[in-house]
Protein chains: 4
Amino acid sequence: MAFVDNKLAGLVAATFTPFTSQGEINLTEIGPYINYLVEKQGVKNIFVNGTTGESMSLSVAERKILADEWCGKARGKMDQVIVHVGCMNLKESQELARHAAQIGASGIAVIAPSFYKPSTADVLRTFLKEIAAVAPTLPFYYYHLPAVTGVNIPVREVLQNIEELIPSFSGVKFSSSDLMDFGQCVSHSPPHWSLLYGVDEQLLAALALGAHGAVGSTYNYVGRHINNLISAFNSGDLIEARSIQFKLQELLSHAFKLGFDVGVNKQLMVELSGLPLGPPRLPVRPCPLPQAQEIAQKYHNFVLHI
Amino acid sequence: MAFVDNKLAGLVAATFTPFTSQGEINLTEIGPYINYLVEKQGVKNIFVNGTTGESMSLSVAERKILADEWCGKARGKMDQVIVHVGCMNLKESQELARHAAQIGASGIAVIAPSFYKPSTADVLRTFLKEIAAVAPTLPFYYYHLPAVTGVNIPVREVLQNIEELIPSFSGVKFSSSDLMDFGQCVSHSPPHWSLLYGVDEQLLAALALGAHGAVGSTYNYVGRHINNLISAFNSGDLIEARSIQFKLQELLSHAFKLGFDVGVNKQLMVELSGLPLGPPRLPVRPCPLPQAQEIAQKYHNFVLHI
Amino acid sequence: MAFVDNKLAGLVAATFTPFTSQGEINLTEIGPYINYLVEKQGVKNIFVNGTTGESMSLSVAERKILADEWCGKARGKMDQVIVHVGCMNLKESQELARHAAQIGASGIAVIAPSFYKPSTADVLRTFLKEIAAVAPTLPFYYYHLPAVTGVNIPVREVLQNIEELIPSFSGVKFSSSDLMDFGQCVSHSPPHWSLLYGVDEQLLAALALGAHGAVGSTYNYVGRHINNLISAFNSGDLIEARSIQFKLQELLSHAFKLGFDVGVNKQLMVELSGLPLGPPRLPVRPCPLPQAQEIAQKYHNFVLHI
Amino acid sequence: MAFVDNKLAGLVAATFTPFTSQGEINLTEIGPYINYLVEKQGVKNIFVNGTTGESMSLSVAERKILADEWCGKARGKMDQVIVHVGCMNLKESQELARHAAQIGASGIAVIAPSFYKPSTADVLRTFLKEIAAVAPTLPFYYYHLPAVTGVNIPVREVLQNIEELIPSFSGVKFSSSDLMDFGQCVSHSPPHWSLLYGVDEQLLAALALGAHGAVGSTYNYVGRHINNLISAFNSGDLIEARSIQFKLQELLSHAFKLGFDVGVNKQLMVELSGLPLGPPRLPVRPCPLPQAQEIAQKYHNFVLHI
């Protein structure tokens with residue numbers, strides 16, 4: 001099985017989860033959020049309930065309600081909605097995968113379990129298979145985020161013969177700076193897979209190695225700039241592509257110095273988009289307002305002057 | 001609030017979760033398991049749904065059913081049943097904590113969330129408080145396991161003024177080899193807290209620094225030997241205590257060389273106890289039989305000849 | 001001071017140190033080694049007494065003799081000889097730096113001290129300054145190799161105002177996969193600095209971000225292929241550049257699986273070049289012959305068919 | 001060969017290297033330093049040119065001069081002077097080992113090389129053997145400091161059959177909190193070896209497991225207190241031993257919070273001993289005076305009131 005005619009490519013925003021000021025999920029902001037991405041950022045794909053979306057701080061019930069709302073509101077406006085269904089255990093991931101199929105998600109993604117860490121590529125592949133198997137009609141993506149999960153199995157090993165186990169396998173969200181591993185994924189992939197890069201601050205490097213697109217949190221607010229980066233790259237204008245990439249590096253380098261976790265990132269999105277997305281949930285700390293505003297100021301200095 | 005008259009001390013077995021051969025939870029083995037611990041190992045406290053119990057591979061629903069069964073079958077036989085209610089998100093931990101209170105657990109324990117890692121002692125303490133607050137009548141234990149969670153905040157900092165936030169705070173399961181941190185927990189704790197050590201292979205070191213007891217997976221099958229170690233230590237016979245500790249080190253050193261994860265550990269328990277506890281769940285790999293049998297053989301060589 | 005007319009660019013081979021079969025330095029192979037690089041690999045710059053050259057396993061006296069020989073034999077054949085003079089202490093590094101100036105080295109490089117690790121960019125910069133100051137006429141390069149040194153200070157911070165302290169500062173050998181840091185070095189560097197990338201298996205990524213050249217051990221035996229990669233990149237032929245990069249990744253991925261330390265790497269060079277470079281020194285293990293031969297076989301399969 | 005009649009035991013101070021204010025080695029303070037240790041701290045063994053002594057920041061020539069002076073001035077006053085001769089390369093370590101034998105050192109110690117890290121116990125053992133072999137009459141100690149060297153090979157594996165390779169082998173300076181490994185070293189050692197523990201803040205734990213003594217930097221200024229700890233332990237008074245250990249933990253915990261590297265430690269020694277030991281060398285940062293004085297103040301509050 002291969003979903004060739006619907007290959008995921010270009011920019012994919014990893015969405016934040018809107019909360020009320022009391023920390024409950026806030027469905028009313030999802031529609032405006034989607035409009036903002038499409039209209040202001042030119043971003044037409046989303047990756048929901050992922051790391052940026054604080055999925056691991058949500059209950060299973062909440063994840064379903066959110067996925068449903070994202071899919072519903074995106075219909076007719078977005079190209080694809082990928083629902084992340086990974087969690088620490090198989091049963092609940094399977095439940096979320098089945099649900100994603102029911103609500104018409106464009107695909108599902110699963111991160112490696114990180115409390116009990118799979119010890120080999122084989123075990124990890126089998127774990128992924130058990131989830132993919134309950135939603136066989138949905139394109140399946142593996143989400144590689146070793147800095148957070150501690151699961152450092154090279155993706156090229158995970159991909160070995162994976163279509164035999166997972167016929168719906170369709171690609172990888174690759175969030176690591178190991179570009180040898182990424183390059184090998186590219187060089188060994190069939191053409192219908194999507195290899196999406198997930199380290200926003202060095203996307204240009206991955207494009208040089210053949211990335212088909214990118215998934216990241218910063219595309220929520222620098223999407224249109226990075227769309228320009230990709231266009232410049234595709235037309236052979238490396239100087240322009242580099243110039244945009246360097247501006248994002250400047251912004252993020254500054255943000256990292258101030259401490260840049262999901263909470264700060266979310267508040268930055270609030271500052272830049274005007275969308276009231278609420279605070280993060282514990283154990284992520286709410287972002288002190290001046291911190292986000294200082295980064296937003298940098299954003300206006302650097303990124304907008306492209 | 002202080003639960004002085006019921007201070008947790010001595011050995012606490014971190015229980016394995018019995019599964020059927022198909023990987024479903026198997027309640028029928030819980031009664032025999034408890035009898036085995038009491039009768040064969042002299043162990044009268046258990047820590048259920050923890051790391052050894054594969055809690056993070058269980059659904060919330062399964063964790064409740066298991067906790068209920070452990071509490072029910074332990075009644076009248078065991079001194080204390082501590083139910084671990086930690087998971088990645090607050091809502092489900094709170095649900096589990098409320099449930100633990102309803103079923104008559106002796107106490108609850110919570111591990112630090114490990115996907116989004118708390119960045120300061122203050123954030124972690126607040127996270128713990130939100131869970132403790134929904135089961136205020138239950139003694140509350142913090143479970144420190146930095147090698148797995150990646151949360152390395154010194155426990156002494158987590159404990160600072162913790163009773164102001166968590167009146168039911170009662171102690172720590174301290175599973176780290178940082179004995180300066182452990183020593184400071186001991187020296188700064190009020191007398192009604194239990195500081196339980198969780199690195200089985202160096203328990204004697206923690207006893208020297210004032211540990212009140214121990215929680216660990218090996219006490220499932222070397223409980224009676226380690227009870228002897230504690231008795232020897234308490235009576236001032238360091239030579240004998242050391243001799244027993246060295247034998248456990250010998251066994252575990254051998255096991256570590258062969259790869260000693262929860263799956264191997266569980267199969268070793270099967271070999272030594274005769275209880276049919278089933279395989280582990282993915283992503284933990286089932287243990288090849290010869291591997292567990294080789295460790296069991298070492299057990300018979302080393303530990304039994306005490 | 002700026003050495004503009006002599007900017008280091010293109011490929012730089014990090015040379016192995018030839019030893020006799022008894023493990024003593026073997027000067028007689030240095031001339032043939034240089035001829036091989038120039039004639040067979042098209043490589044005209046070398047980086048001597050670096051990590052590949054087992055510098056830290058050499059005495060100060062040996063490092064001087066070797067540097068002298070490399071400079072002498074390279075004269076008239078090579079463009080530049082960069083002598084690495086870093087070691088654990090300032091005094092001996094200064095002695096080596098003074099010596100490098102006397103023997104006509106083209107430049108010197110210094111790695112961060114790794115036993116006592118500098119705690120800030122400021123301390124590291126001051127350490128580097130003390131060495132550069134004794135050889136002020138030589139272009140000075142900072143050698144960044146965090147995976148080995150454990151010194152993870154972002155290079156962009158080390159470079160801040162560095163010309164005020166080190167007027168001879170001329171560039172960086174950047175051996176890390178953190179391409180945000182690398183990109184920021186590129187975007188903030190004056191035009192006369194050389195930013196040379198040192199992770200051979202992902203050079204193409206660094207070229208996309210503006211690398212001026214590359215220093216690495218594999219250029220000893222894949223230099224002519226990587227020269228083609230650079231030419232393809234410069235002429236806008238990313239498809240060809242990628243194809244060559246993927247072949248090197250294929251080779252190295254295989255080598256890493258077999259264990260690829262300096263000893264194996266050296267033996268591979270022996271197999272591929274025919275130069276008798278001898279075994280490595282302890283604590284590097286001599287490479288079992290079949291291991292190097294298996295990698296050499298892969299080399300012939302993959303790389304030569306470009 | 002076994003040096004039974006001269007087994008190293010009790011406290012060993014890892015000495016600081018006295019520098020002038022210009023950073024040159026300062027021999028004139030070595031005599032007074034030794035008097036201070038003997039008279040004020042009751043410490044009669046020293047470990048010179050180790051990590052505390054900034055050995056890796058000294059040239060080979062300086063290390064010899066220092067070793068000579070320590071041995072000379074200690075004669076008749078101290079029991080044993082262990083000279084650390086480890087460095088990154090074999091040749092210079094051998095030179096230092098030969099020199100140590102000539103000047104009448106009581107023994108030599110060698111740390112694992114940390115730039116090129118030995119990949120197996122076998123390689124490390126062979127490396128150590130090459131050094132021990134040039135000074136066969138001197139008791140030889142392996143110095144295990146994995147947090148700094150990154151060499152994590154279990155010591156129990158290094159010790160396997162080591163006397164066959166190194167007949168002069170006499171013990172270990174074990175500076176790690178892995179007390180399973182330490183326990184196994186104790187349980188498998190012949191009686192004439194000395195297993196000396198090197199994590200000062202948890203010495204009591206190691207004593208419980210059978211440590212024969214301790215080597216550490218804090219014994220320069222808390223030697224007499226820790227002598228009391230050892231006496232209390234030996235006489236079965238765990239309460240008193242614990243109380244002293246907890247006070248040292250209190251002091252060091254505070255110091256760690258303020259940043260406690262060799263530079264701060266040295267300045268603390270200056271404050272407490274009155275000996276003008278000078279600043280540390282780069283890359284260790286000189287300690288801001290208030291920082292050392294604040295720790296010294298804590299010392300007076302906590303440790304002296306024993």
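All of these numbers come straight from a predicted model, not from anything done at the bench.

A.B. asks: Lay out the sheet that holds strand E2 (residues 45-48) of chain D in plain terms, naming residues and giving numbers.
C.D. replies: Residue and element names in this part refer to chain D. Here we have eight strands rolled up into a closed barrel, ordered E1-E2-E3-E4-E5-E6-E7-E8, and parallel in their pairing. Strand-to-strand, the axes of this sheet are offset by a mean angle of 25°, without reference to chain direction. As paired elements, strand E4 (residues 107-111) and strand E5 (residues 140-144) share four bridges and run parallel to each other. Of the residues in E5, the one forming a bridge with Val110 is Tyr142. Packed onto the sheet, helix H2 (residues 60-74) meets E2 and strand E3 (80-84) and runs at close to 175° relative to E3. Against the sheet, helix H4 (residues 121-132) engages E4 and E5, with an angle of about 140° to E5.

A.B. asks: Kindly report on the pairing of strand E7 (residues 194-197) of chain C, identifying the contributing residues and their values.
C.D. replies: The side chains of a regular strand alternate, residue by residue, between the two faces of the sheet. All names here are of chain C. Burial of E7 is two-sided: the residues Ser194 and Leu196 facing one way and the residues Leu195 and Tyr197 facing the other way are all buried. Note that strand E6 (residues 169-174) and E7 share four bridges and pair parallel. Bridge pairing in E7 links Gly171 to Ser194. Running through helix H9 (residues 203-208), the crossover from E7 to the neighbouring parallel element strand E8 (residues 213-216) is right-handed.

A.B. asks: Can you explain the relation of the copies chain C and chain D? Please cite residues and give values.
C.D. replies: The two chain copies are related to each other by a rotation about an axis together with a translation along it. The two copies are related by a screw motion: chain C maps onto chain D through a turn of 180° and a shift of 0.0 Å along the axis, at an RMSD of 0.0 Å. The superposition operator between the copies reduces to a two-fold rotation axis. Take the interface residues of chain C: 100% of them recur as interface residues in chain D, which is what a same-surface contact looks like.

A.B. asks: So what about the interface of chain A and chain B? Which residues, and what values?
C.D. replies: Each partner contributes residues to the interface: chain A has 38 residues there, and chain B has 38 residues. Interface of chain A and chain B: buried area, both sides summed, is about 3000 Å²; carbon and sulfur atoms make up 68% of it. It is Phe115, Tyr116 and Pro283 of chain A in chain A that bury the most area against chain B; as a group they hold 27% of the surface buried on that side. On inspection of chain A and its partner chain B, the count reaches four salt bridges. Within the residue set of the side of chain A that touches chain B, elements represented by two or more residues are helix H2 (60-74), helix H3 (90-102) and helix H4 (121-132) of chain A.

A.B. asks: Report on the packing of aromatic side chains, specifying residues and quantitative values.
C.D. replies: Under the definition given, this model contains 37 aromatic pairs over all chains. On the basis of an interplanar angle of 80° and a centroid distance of 5.1 Å, the ring pair of Phe115 of chain A and Tyr116 of chain A is categorised as edge-to-face. Each member of the pair Phe115 of chain A and Tyr116 of chain A is classed as buried. Look at Phe140 of chain B and Phe169 of chain B: their rings are 6.3 Å apart centre to centre, the planes differ by 45°, and that puts the pair in the tilted class. Taken together, the residues span a long stretch of sequence, with Phe140 of chain B in strand E5 (residues 140-144) and Phe169 of chain B in strand E6 (residues 169-174) at a distance of 29 residues. The exposure classification of Phe140 of chain B matches that of Phe169 of chain B, with both residues buried. An aromatic cluster is present here, built from Phe140, Phe169 and Trp193 of chain A joined pairwise through their rings. The cationic tip of Lys173 of chain C hangs over the ring face of Phe47 of chain C; the distance from NZ or CZ to the ring centre is 4.6 Å.

A.B. asks: Got a sec to walk through unusual backbone geometry? Specific residues and values, please.
C.D. replies: Leaving glycine aside, a negative phi is the common case for residues, and trans is the common case for peptide bonds. In the segment running from Leu282 of chain B into Pro283 of chain B, the intervening peptide bond is cis, with an omega of 10°. Of note, Pro283 of chain B is situated in the loop between helix H12 (262-273) and helix H13 (289-302). Of note in the backbone geometry, Glu54 of chain A takes a positive phi value of approximately 55° without being a glycine. As for its placement among the helices and strands, Glu54 of chain A is situated in the loop between strand E2 (45-48) and H2. Given the relative accessible area of 0%, Glu54 of chain A is considered buried.

A.B. asks: Talk me through the UniProt feature "binding site: pyruvate" (unreviewed entry) in chain A; I want residue IDs and the actual numbers.
C.D. replies: Residue and element names in this part refer to chain A. Summarizing the sequence annotation, UniProt attributes the feature "binding site: pyruvate" (unreviewed entry) to Thr52 and Val215 in the numbering used throughout. The largest pairwise C-alpha distance within this set of annotated residues, which runs over 164 residues, is 10.7 Å, so the set is compact in three dimensions. Locating Thr52 in the fold gives a position in the loop between E2 and H2. Among residues more than four places away in sequence, those in contact with Thr52 are Ala14, Thr15, Phe16, Thr17, Ser217 and Val262.

A.B. asks: Tell me what's going on with the sheet that holds strand E4 (residues 107-111) of chain C, and back it up with residues and numbers.
C.D. replies: Residue and element names in this part refer to chain C. Reading around the barrel, the eight strands line up as E1-E2-E3-E4-E5-E6-E7-E8 and close back on themselves, with parallel pairing between neighbours. Direction aside, neighbouring strands of the sheet carry axes that sit 25° apart on average. Alignment of E7 against E8, held across two bridges, turns out to be parallel. Opposite Tyr197, over in E8, you have Ala214 as the bridge partner. Of the strands in this sheet, E4 and strand E5 (140-144) are in contact with helix H4 (residues 121-132), which crosses E5 at around 140°.

A.B. asks: How would you sum up the interface of chain C and chain D? Please name residues and give values.
C.D. replies: The partner chain D presents 38 residues to the 38 residues of chain C that form the contact. For the pairing of chain C and chain D, the buried interface totals around 3000 Å² over both sides, and the portion due to carbon and sulfur atoms is 67%. When the area that chain C buries against chain D is broken down by residue, the three leading residues are Phe115, Tyr116 and Pro283 of chain C, summing to 28%. Across the chain C-chain D interface, the total number found is four salt bridges. A salt bridge links Glu24 of chain C to Lys91 of chain D, with the nearest nitrogen and oxygen atoms 2.9 Å apart.

A.B. asks: I'd like a rundown of the environment of Ile166 of chain A, residues and numbers included.
C.D. replies: Residues and elements named next belong to chain A. In this structure, Ile166 sits in the loop between helix H7 (162-165) and strand E6 (169-174). Overall, the relative accessible area of 1% leaves Ile166 in the buried class. Separated by 36 residues in sequence, Ile166 and Glu130 place their C-alpha atoms 9.0 Å apart. If near-sequence neighbours (up to four positions away) are discounted, Ile166 is found in contact with Arg125, Leu128, Lys129, Ala132 and Phe140.

Procedures and definitions
Residues numbered from 1 in each chain as written. Chains lettered and ligands numbered in written order. Predicted model: local features only at pLDDT ≥ 70, side-chain atom pairs only at ≥ 80, totals over all residues. Heavy atoms only, no water. Pairing = 2+ DSSP bridges. Helix = DSSP H or I, 4+ residues; strand = E, 2+ residues; numbered from the N terminus. Axes fitted to C-alpha atoms, helices over the stretch in contact; angles between N-to-C directions. Contact = heavy atoms within 4.5 Å. Buried < 20%, exposed > 50% of the residue type's maximum accessible area, 1.4 Å probe, protein only. Right-handed = clockwise from strand over helix to strand, strands pointing away. Least-squares fit on C-alpha atoms with pLDDT ≥ 70 in both. Buried area = accessible area lost by both parts, 1.4 Å probe. Salt bridge = Lys/Arg side-chain N within 4 Å of Asp/Glu carboxyl O. Phe/Tyr/Trp six-rings, centres within 6.5 Å; stacked < 30°, edge-to-face > 60°. Lys NZ or Arg CZ within 6 Å of the ring centre and 35° of its normal. UniProt positions renumbered as here; feature names shortened; annotations may be inferred.

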